[in-house]
Amino acid sequence: MREITDIIKSYELAEKAGLKTALATVVQVEGSSYRRPGARMLICENGQLTGAISGGCLEGDALRKALSAIHQQENRLVSYDSTDEDDAKFGVQLGCNGIVHILFEPIFKDDHLNPIILLKAAIGRRENCVIATLFSLDDKNQPGSVMMFREKDYLEKVADEVSGSIKNDAFDVLKLKMSRFETYVIEGQNFEAFLEFISPPIQIIIAGAGNDVQPLVEIASVLGWQITVADGRQTHATLQRFPKADRILVAKADALLKEIEIDDRTSIVLMSHNYNYDLALLDGLLKIKTPYIGVLGPKKKLLRMFDELQIEKNRNLDHVHGPVGLDIGAETAEEIAISIVSEIRAVFAGRSGKTLKDKNAPIHVAIEKLES
């Protein structure tokens, strides 16, 4: 999500400066690649790049292809094949053993449904959505980004003959929360479609505004998370201390619960160093649906909280993480912040947090193409 927001900001600056731009999107990967389908990069005619479509090996050639697409004013699909020993003919060395298909779309500001507009709509609300991108591996015609679909609204610029089918498939993607590929026929021509599931950024609500919260806010900001810092002390919960927080709240525990909105991408970390403040918050959070609660401090602190709140021993409390964070041997506030952020990311990704060297399966989950 950070990549999308950075791309939108860069586009707006380029537009103000009167510079032409193109969006490069990885739409399909065969084999291994550094970036997966959905990776994006905005290319400006002055050479500025925002985002990434590889580990750095494709960006130089992508700039040339993007400038060509801008000059010709048409979408263009380019395939990079690292399985070919002569991949140096592209002027790149991919390193990974795979084929990467990248769609280049020049951005026209008078197009009220250009790719940037669709991306803006996608992140405009904290709701899951689907971006549909049509492309052809065999034909020069490349429709590109054609739809932003949410459960209750959508934006589209696609042929009527496939509009209903794409919406139906996009609804299934929303339901399963998994991107996938489909094939559609438009005027007798087959087109591949990447139906990309996009979820809102992780929201982290931090109860506490001590010095140890500052590196946590910094790291969460780098990841593009939405950050709220709350504390009962107005001397601590200030914008001056936390300039990268999206929201600062000065509130007692009971009032704080009324001020925040919790969805299925919300994490809450209790680190106020005020036992009663954390206890009151935990009491309220356990009464509502909260996907992740992290409690700073030793295990005995959390167990004492459970005893005082008279929590039944057989109650499912898997969403409560105390001590908060992964076991990386963290000592400093910065290391603890890395530990906390890593655990939250793993939880929302449904991953174990174990080392990758012990993983026998591929790192990335494959995006399937369903057979019709």
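What counts and what doesn't
- Residues numbered from 1 in each chain as written.
- Predicted model: local features only at pLDDT ≥ 70, side-chain atom pairs only at ≥ 80, totals over all residues.
- Heavy atoms only, no water.
- Salt bridge = Lys/Arg side-chain N within 4 Å of Asp/Glu carboxyl O.
- Helix = DSSP H or I, 4+ residues; strand = E, 2+ residues; numbered from the N terminus.
- Buried < 20%, exposed > 50% of the residue type's maximum accessible area, 1.4 Å probe, protein only.
- 1 Å grid on protein atoms, 1.4 Å probe; cavity = no way out; pocket = protein on both sides within 12 Å on 5 of 7 lines; lining within 4 Å.
- Points joined across faces, edges and corners; volume = space filled by probe spheres on them.
- Nonpolar A, V, L, I, M, F, W, Y, C, P; charged D, E, K, R; others polar.
- Polar contact = N/O pair within 3.5 Å; in protein donor to acceptor, adjacent residues only side chain to side chain.
- Phe/Tyr/Trp six-rings, centres within 6.5 Å; stacked < 30°, edge-to-face > 60°.
- Lys NZ or Arg CZ within 6 Å of the ring centre and 35° of its normal.
- Core = buried A, V, L, I, M, F, W, Y, C linked by side-chain atoms within 4.5 Å.
- Contact = heavy atoms within 4.5 Å.
- Pairing = 2+ DSSP bridges.
- Axes fitted to C-alpha atoms, helices over the stretch in contact; angles between N-to-C directions.
- UniProt positions renumbered as here; feature names shortened; annotations may be inferred.

Chemist: I keep staring at the pattern of salt bridges and nothing clicks. Help me out?
Modeler: Once the charged atoms of two side chains with opposite charge are near each other, the side chains can pair. Applying the stated rule across the entire model yields 24 salt bridges. Between lysine 301 and aspartate 278 there is a salt bridge, with its nearest N and O atoms 3.3 Å apart. Of this pair, lysine 301 sits in helix H8 (residues 299–308) while aspartate 278 sits in helix H7 (residues 275–285), placing them 23 residues apart in sequence. You can call aspartate 278 buried: its relative accessible area is 0%. Across the pair arginine 304 and glutamate 308 runs a salt bridge, and its minimum N-O distance is 3.0 Å. Note that arginine 304 and glutamate 308 are positioned in helix H8 at a spacing of 4 residues, about one turn of the helix. Classification of arginine 304 by relative accessible area gives partly exposed; the value is 46%. Among the ionic contacts, a cluster of salt bridges with common partners joins Asp169, Asp172, Lys175, Arg180 and Glu182.

Chemist: Can you walk me through empty space enclosed by the protein in this structure?
Modeler: Using a probe with the size of a water molecule, rolled over the atoms, empty space left in the structure can be pinpointed. On inspection of all chains with the given rule, the structure shows 1 cavity of 30 Å³ or more. By volume, the largest cavity is sized at about 50 Å³. Of all the elements in the fold, those that place two or more residues in the lining of the largest cavity are strand S1 (21–31), helix H3 (115–122) and strand S6 (129–135). Sorting elements by how many residues they give to the lining of the largest cavity places H3 first, with 3 residues. Partitioned by chemical class, the residues of the lining of the largest cavity number 5 nonpolar, 3 polar and 2 charged.

Chemist: Please clarify how H7 should be interpreted in this entry.
Modeler: Every α-helix carries 3.6 residues per turn, so stepping three or four residues along brings you back to the same face. Counting buried positions along H7 gives 8 out of 11 residues, so the element sits mostly inside the fold. Those residues of H7 that sit buried are Tyr275, Tyr277, Asp278, Leu279, Leu281, Leu282, Gly284 and Leu285. Regarding H7, its N-cap is asparagine 274, as a side-chain oxygen of that residue lies 3.2 Å from the backbone nitrogen of asparagine 276 further along.

Chemist: Can you walk me through the packing of aromatic side chains in this structure?
Modeler: Aromatic ring pairs are described here by two measures, namely the spacing of the ring centres and the angle between the planes. Overall, the coordinates contain 1 aromatic pair when judged by the stated rule. Across from the ring centre of tyrosine 275, 4.1 Å away, lies the NZ or CZ of arginine 304, which sits over that ring.

Chemist: Would you explain the nonpolar core in this entry?
Modeler: A general feature of soluble globular proteins is that nonpolar side chains tend to end up buried together. Counting residues in each nonpolar core, the largest one holds 26 residues, and the members touching the most others are Leu256, Leu270, Leu282, Leu286, Ile293, Phe306 and Val320. Of all elements in the fold, only strand S11 (203–207), helix H6 (253–259), strand S14 (266–270), H7, strand S15 (292–295) and H8 reach the threshold of two or more residues within this core. It is H7 that contributes the most residues to this core, 6 residues altogether. Setting aside residues up to four positions removed in sequence, leucine 270 forms contacts with Ala207, Asp278, Leu281, Leu282, Leu285, Ile293, Gly294, Val295 and Leu296. If you look at the next biggest cluster of nonpolar residues, it comprises 24 residues, including Ile202, Ala209, Ala245 and Ile340.

Chemist: Just checking my understanding: could you explain the sheet that holds strand S3 (residues 49–51) for this structure?
Modeler: Sheets are built from strands that pair by backbone hydrogen bonding, the pairs being arranged parallel or antiparallel. With respect to topology, 5 strands assemble into an open sheet ordered S3-S2-S1-S5-S4, the strand pairing being antiparallel. In the strand order of this sheet, the two ends are held by S3 and strand S4 (76–81), each with one partner. Neighbour to neighbour, the strand axes of the sheet diverge by 25° on average, direction disregarded. The strands touched by helix H1 (residues 2–16) are S1, strand S2 (40–44) and S3; relative to S2, the strand with the most contacts, the crossing angle is about 15°.

Chemist: Would you take a moment to explain the UniProt feature "domain: XdhC Rossmann" (unreviewed entry) in the chain for this structure?
Modeler: UniProt annotation of "domain: XdhC Rossmann" (unreviewed entry) refers to residues 204–344 when read in the numbering used here. Within residues 204–344, the helical portion is 35% and the strand portion 18%, while the C-alpha atoms at the span's ends are 9 Å from each other.

Chemist: What is the right way to read unusual backbone geometry from this model?
Modeler: When glycine is set aside, most residues are seen to have a negative phi, and most peptide bonds are trans. Between glycine 322 and proline 323 the backbone carries a cis peptide bond, its omega angle lying at 0°. Along the chain, proline 323 turns up in the loop between strand S16 (320–321) and helix H9 (333–349). Even without glycine at this site, histidine 273 takes up a positive phi of about 65°. Judged by relative accessible area, histidine 273 falls into the exposed class, the value being 59%. Although it is not a glycine, glutamine 310 sits at a positive phi angle of roughly 55°. Here glutamine 310 is to be found in the loop between H8 and S16.

Chemist: Quick question: what am I supposed to make of the sheet that holds strand S7 (residues 144–149) here?
Modeler: Strand order across the open sheet formed by 5 strands is S8-S7-S6-S10-S9, with antiparallel pairing between neighbours. Each having just a single partner strand, strand S8 (154–156) and strand S9 (180–186) make up the two edges of the open sheet. Pairwise comparison of adjacent strand axes, ignoring direction, gives a mean angle of 25° for this sheet. Across 7 bridges, S6 lies against strand S10 (residues 189–198) in antiparallel orientation. Residue valine 130 lies in a different strand from S10, and its bridge partner there is phenylalanine 197. Set on the sheet, H3 makes contact with S6, S7 and S8; between it and S7 the angle comes to about 25°. Across the sheet, helix H4 (residues 160–176) is in contact with S6, S7, S8, S9 and S10; its angle to S9 comes to roughly 170°.

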